[in-house]
Amino acid sequence: QVQLVESGGGLVQPGGSLRLSCAASGNIFSISTMEWYRQAPGMQRELVCTTATSIYSTNCADSVKGRFTISRDNAKKTVYLQLNSLKPEDTAVYYCHTIARTYGSSWSHYWGQGTQVTVSS
């Protein structure tokens, strides 16, 4: 099994910044995609940013491009999301998602428990 533990959420004023972290642990053989999703109240979960195995391969939704940056540390099995110039509409629960293999198993999807980001004055 793979466990994903997120941290870094909180309450921030509009225009502020936060940095989310998601650390993977468990009997991990390999990790492929690492991503951040978010879900606002009454809305569907949406993909925010994604990064493939190569640390140079990243992509973010148009709504956050230029404000959010995804990065990963493969040695630490950790993915980060830097949130800058935050807006009230960024308020949501942010979830970490990965596709990974444990020893003796095939590729599977794993989700973190979510961390709340609230942007409000």
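Look above for the structure.
Because the structure is predicted, anything quoted here is derived from the model rather than measured.

Undergrad: Explain the pairing of strand β11 (residues 115-119) to me, please; I cannot follow it from the model alone.
TA: Both faces of the sheet carry side chains from a regular strand, because those side chains alternate between them. Side-chain alternation along β11 places T115, V117 and V119 on a buried face and Q116 and T118 on a face that remains uncovered. With three bridges joining them, strand β2 (residues 10-12) and β11 adopt parallel strand pairing. Counterpart to V12 in the pairing with β11 is V119. By the bridge criterion, three bridges tie strand β9 (residues 92-102) to β11 in an arrangement that is antiparallel. Note that in β11 the partner of A92 across the bridge is V117.

Undergrad: Help me out: how do you make sense of the pattern of salt bridges in this one?
TA: Side chains that differ in sign of charge can pair as their charged atoms come close. For the coordinates displayed, the defined rule picks out four salt bridges. Of the charged contacts, one joins D62 and K65 as a salt bridge, the two residues approaching to 3.5 Å between their closest N and O atoms. Bridged by salt links that share partners, the residues R38, E46, R67 and D90 form one connected network.

Undergrad: Would you explain the sheet that holds strand β3 (residues 18-26) in this entry?
TA: The strands that make up a sheet are held in pairs by hydrogen bonds between backbone atoms, and each pair lies either parallel or antiparallel. Spatial ordering of the open sheet is given by β1-β3-β8-β7, a layout of four strands whose pairing is antiparallel. At either margin of the open sheet sits one strand with a lone partner, and together these are β1 (2-7) and β7 (68-73). Neighbour-to-neighbour, the strand axes of the sheet open up by a mean angle of 15 degrees, direction not taken into account. Note that β3 and strand β8 (residues 78-83) share six bridges and pair antiparallel. Its bridge partner being in β8, L18 is matched across the sheet by L83.

What counts and how
Residues numbered from 1 in each chain as written. Predicted model: local features only at pLDDT ≥ 70, side-chain atom pairs only at ≥ 80, totals over all residues. Heavy atoms only, no water. Buried < 20%, exposed > 50% of the residue type's maximum accessible area, 1.4 Å probe, protein only. Helix = DSSP H or I, 4+ residues; strand = E, 2+ residues; numbered from the N terminus. Pairing = 2+ DSSP bridges. Salt bridge = Lys/Arg side-chain N within 4 Å of Asp/Glu carboxyl O. Axes fitted to C-alpha atoms, helices over the stretch in contact; angles between N-to-C directions.

This is a description of form; function is not addressed.
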